[in-house]
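Chains, contacts and geometry: an overview
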Amino acid sequence: MAINPFASSAPAEQSSQDEAAQSETTQYKNQNTKTHFAMGLAAGAAVAYLLTNKKFKQGVVTTGEKAWSSVRGEVEELKERLEDTQAELEYYRNLHKGEE
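Computed from a prediction, not measured in an experiment: that's the story for all the values here.

Bringing the overall build of the chain into the picture now. Counting its secondary structure elements, the chain contains two helices and zero strands. Within the span of the chain, comprising 100 residues, buried residues form 1% of the whole.

In structure tokens, the structure reads:
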């Protein structure tokens, strides 16, 4: 009879492993509950402060406007370059049409 190396341990060993894992999880939760609460409280306070700060809002709006105008300018530049390329292609097509 072949032994399967991937088979789980005996049922008694498996249940003791499950209990140990659950015990570790419970210990982790008990030890870190206050830490998690404090970190959540600090993060929430920081977000609330930033959302109610007028200077921060104005900075975000100004930065957004600058970024948007930059993107629009680049898109216009790309359009112009595409039109120039199309005009060049048309010119060379027409230039060689008479030779054929």
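The next thing to look at is the pattern of salt bridges. Inspection of every chain in the model, using the stated rule, returns two salt bridges. The partner of K79 in a salt bridge is E76, and the shortest N-O contact between them spans 3.7 Å. One end of the pair is K79 and the other is E76, both in helix 2 (residues 54-97) and three residues apart, which spans about a single turn. Notably, a salt bridge pairs E90 with R93, separated by 3.8 Å at the nearest N-O pair. Note that E90 and R93 are positioned in helix 2 at a spacing of three residues, about one turn of the helix.

This brings us to the packing of aromatic side chains. Taken as a whole, this structure holds one aromatic pair when the rule is applied. Between Y91 and Y92, the aromatic rings sit 5.2 Å apart at their centres with planes inclined by 70°, giving edge-to-face as the arrangement. For Y92, a relative accessible area of 44% corresponds to the partly exposed category.

In this structure's numbering, the residues bearing the UniProt feature "coiled-coil region" (unreviewed entry) are residues 68-95. Across residues 68-95, helical content stands at 100% and strand content at 0%; the span's end C-alpha atoms are separated by 41 Å.

Our focus in this paragraph is a negative patch on the surface. Residues E74, E77, E80, E83, D84 and E88 make up a contiguous surface patch of negative charge. Tracing the backbone through its elements, the reader meets E77 in helix 2.

Taking 1.5 Å as the rise per residue, helix 2 with 44 residues should run 64 Å; its terminal C-alpha atoms sit 64 Å apart, in good agreement. Measuring from the side-chain oxygen of the N-cap residue of helix 2 to the backbone nitrogen of K55 gives 3.0 Å; that N-cap residue is N53.

Nonpolar side chains collect at one region of the surface, where Y49, L50, F56 and V60 lie side by side and expose about 370 Å² of accessible area between them. Residue assignment for the nonpolar patch shows that the elements contributing at least two residues are helix 1 (11-52) and helix 2. Structurally, F56 can be placed in helix 2.

About the cut-offs
Residues numbered from 1 in each chain as written. Predicted model: local features only at pLDDT ≥ 70, side-chain atom pairs only at ≥ 80, totals over all residues. Heavy atoms only, no water. Helix = DSSP H or I, 4+ residues; strand = E, 2+ residues; numbered from the N terminus. Buried < 20%, exposed > 50% of the residue type's maximum accessible area, 1.4 Å probe, protein only. Salt bridge = Lys/Arg side-chain N within 4 Å of Asp/Glu carboxyl O. Phe/Tyr/Trp six-rings, centres within 6.5 Å; stacked < 30°, edge-to-face > 60°. UniProt positions renumbered as here; feature names shortened; annotations may be inferred. Patch = residues over 30% accessible without salt bridge, like charges linked within 9 Å, V, L, I, M, F, W, Y side chains within 5 Å. Areas by Shrake-Rupley, 256 points an atom, 1.4 Å probe, with all protein chains shown as cover. Lys, Arg positive; Asp, Glu negative; His and termini not counted. Charge placed at Lys NZ, Arg CZ, Asp CG, Glu CD. Expected span 1.5 Å × (residues − 1). Polar contact = N/O pair within 3.5 Å; in protein donor to acceptor, adjacent residues only side chain to side chain.

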